[in-house]
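# Geometric and topological summary
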Amino acid sequence: GLKDVQLNLTSRSGRAAVKHHMKEMGYRDEDYDLDQLYVSFLKLADQKGQVFDYDLEALAFVSNQDQQTDYFQLKYFSIHSDSTGISTASIKLLCGDVIINEIITSRNGPINSIYQALNKVTKFSIILEKFHLVGKGSGRDALGQVDIVVKYNNRRFHGIGLATDIIESASKAMINVLNNIWLSKKIEKKVKKIKERI
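Structural notes, computed from the coordinates.

### Some thoughts on the packing of helix H1 (residues 15–24) against helix H2 (residues 34–48)
Where H1 meets H2, the closest approach of the two axes is 10 Å, and the angle between their N-to-C directions is 110°. Between H1 and H2, the interaxial angle falls into the category roughly perpendicular. You can see that H1 and H2 cross each other, and the crossing is right-handed. Of the residues in H2, those touching H1 at Arg15, Val18, Lys19 and Met22 are Leu34, Asp35, Leu37, Tyr38 and Phe41. Of the residues in the contact of H1 with H2, the class split is six nonpolar, no polar and three charged.

Structure representation (structure tokens):
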């Protein structure tokens, strides 16, 4: 199994740092191509600013063609909240090539109800550890950026969502996380097959 490592590499991190973190996650030099990984890492670090362990694994073991489309795509959501604190979320989630509809009612607000609906569909047993909302800009065009951290199978996954609507921002952040988890599970299977061949 892989160690519970939390990376936060940037474009200033060198090849040795990337190699070291791959080793810390349990990978051997022969499991991946360091030259190719480092080139891909620099491109991603320039785009994102930070690169986490699951990003590094995706760069090492999943081709760009595999990453083109997110597995989970939120096609529709509707929220109804009332003064008693009860919220009902209705979602339409594309999972690969299958659309699944779900409705959840909760007493913990609209964001909680939409998160419960998404988690019921994906069946990922996650724990929300951090939810942070920051306003970007001002006036009618102001955006809300939601940053979340969830724990899944003893690993932490980060998600970011940005939209004018806070519930949409929160939903995008969770979809980001769910896609990172799905990709990490796909990588685990791929790495297992590689190690079985060696």
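### Observations concerning unusual backbone geometry
For Asn153, which is not a glycine, the phi torsion comes out positive at approximately 50°. Classification of Asn153 by relative accessible area gives exposed; the value is 60%.

### Let's talk about the pairing of strand E3 (residues 98–106)
Across nine bridges, strand E2 (residues 87–95) lies against E3 in antiparallel orientation. Looking across to E3, one finds that Lys92 is bridged to Asn101. A loop of two residues connects E2 with E3, the two strands running antiparallel in sequence, and Gly96 in this loop sits at a positive phi of about 70°.

### Observations regarding the pattern of salt bridges
This structure, assessed with the given rule, holds nine salt bridges. Note that Lys19 is salt-bridged to Asp29, the shortest N-O span being 3.5 Å. Note that Lys19 is positioned in helix H1 and Asp29 in the loop between H1 and H2, a separation of 10 residues in sequence. A relative accessible area of 35% means that Lys19 is categorised as partly exposed. Between Glu30 and Arg28 there is a salt bridge; the shortest N-O distance is 3.8 Å. Arg28 sits in the partly exposed class, given a relative accessible area of 34%.

### Description of helix H4 (residues 110–122)
With 13 residues, H4 should cover 18 Å at 1.5 Å per step; its first-to-last C-alpha distance of 19 Å lies within 8% of that length. For H4, the complete set of buried residues consists of Ser113, Ile114, Tyr115, Ala117, Leu118, Asn119, Val121 and Thr122. Just past H4, the residue Lys123 takes up positive phi, approximately 60°.

### Side note on the sheet that holds E2
The strand order E1-E2-E3 describes an open sheet built from three strands, whose pairing is antiparallel. In the strand order of this sheet, the two ends are held by strand E1 (72–81) and E3, each with one partner. Strand-to-strand twist of the sheet, defined as the mean angle between neighbouring strand axes without regard to direction, takes the value 15°. Of the strands in this sheet, E1, E2 and E3 touch H4, which is tilted by about 35° from E2.

### Focus: the side chain of Thr122
Within the secondary structure layout, Thr122 lies in helix H4. Overall, Thr122 belongs to the buried group, its relative accessible area being 10%. Ignoring any residue separated from it by four or fewer positions in sequence, one finds Thr122 in contact with Phe72, Leu93 and Leu178.

### Describing the sheet that holds strand E4 (residues 127–136)
Strand pairing within a sheet occurs via backbone hydrogen bonds; the two strands may be parallel or antiparallel. Spatially, three strands are ordered E4-E5-E6 in an open sheet, and the strand pairing comes out antiparallel. Edge positions in the sheet fall to E4 and strand E6 (155–163), since each of these pairs with one other strand and no more. Mean inter-strand twist for the sheet, computed between neighbouring axes without regard to direction, equals 15°. Note that E4 and strand E5 (residues 143–152) share nine bridges and pair antiparallel. The residue of E5 that forms the bridge with His132 is Asp147.

Criteria and cut-off values
- Residues numbered from 1 in each chain as written.
- Predicted model: local features only at pLDDT ≥ 70, side-chain atom pairs only at ≥ 80, totals over all residues.
- Heavy atoms only, no water.
- Axes fitted to C-alpha atoms, helices over the stretch in contact; angles between N-to-C directions.
- Helix = DSSP H or I, 4+ residues; strand = E, 2+ residues; numbered from the N terminus.
- Parallel < 35°, antiparallel > 145°, perpendicular 65-115°, else oblique.
- Left-handed = near helix turned anticlockwise from the far one by under 90°.
- Contact = heavy atoms within 4.5 Å.
- Nonpolar A, V, L, I, M, F, W, Y, C, P; charged D, E, K, R; others polar.
- Buried < 20%, exposed > 50% of the residue type's maximum accessible area, 1.4 Å probe, protein only.
- Pairing = 2+ DSSP bridges.
- Salt bridge = Lys/Arg side-chain N within 4 Å of Asp/Glu carboxyl O.
- Expected span 1.5 Å × (residues − 1).

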